[in-house]
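Breakdown of the fold
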Amino acid sequence: MRYPDAQLRAGHRPVDLIPPGADPRNVVVVQAPPRSYAGPILLTITITGGIVLIIIVAAITFQMAMAAAAAAVPTVGGAGVTIRLAKKGR
């Protein structure tokens, strides 16, 4: 038998679980069901997905705010603002 509770699962009742003077055929040994990990795994996936979604929304919002600010600066202050991307291969 591979597991410690394999005898209980097979219906064998150890002597130390049977009360003295009781008929072993009438004794029922109650054991807890195995633990389910579906809930904690689903909770972890949900939290991780929510955090990723919040980061993506914040990045898009920041990008739109910076683009709007760069477009509004020349009209407000009269100064030109240029956004340049770094060139690779220099």
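Residues numbered from 1 in each chain as written. Predicted model: local features only at pLDDT ≥ 70, side-chain atom pairs only at ≥ 80, totals over all residues. Heavy atoms only, no water.

**Digging into the overall build of the protein**
For the protein, the count of helices and strands is two helices and zero strands. Within the protein, buried positions represent 4% of all 90 residues. Put simply, the protein shows about 8400 Å² of open surface, and 66% of that area lies on carbon and sulfur atoms. (Helix = DSSP H or I, 4+ residues; strand = E, 2+ residues; numbered from the N terminus. Buried < 20%, exposed > 50% of the residue type's maximum accessible area, 1.4 Å probe, protein only. Areas by Shrake-Rupley, 256 points an atom, 1.4 Å probe, with all protein chains shown as cover.)

**Side note on the UniProt feature "transmembrane region" (unreviewed entry) in the protein**
Per the UniProt annotation, the sites labelled "transmembrane region" (unreviewed entry) are residues 41-60 and 66-86. Within the segment residues 41-60, helix and strand shares are 100% and 0% respectively, and the terminal C-alpha atoms sit 29 Å apart. (UniProt positions renumbered as here; feature names shortened; annotations may be inferred.)

**A closer look at a nonpolar patch on the surface**
Nonpolar side chains collect at one region of the surface, where L43, I47, I51 and I55 lie side by side and expose about 400 Å² of accessible area between them. Structurally, I47 is set in helix α2 (residues 38-77). (Patch = residues over 30% accessible without salt bridge, like charges linked within 9 Å, V, L, I, M, F, W, Y side chains within 5 Å. Salt bridge = Lys/Arg side-chain N within 4 Å of Asp/Glu carboxyl O.)

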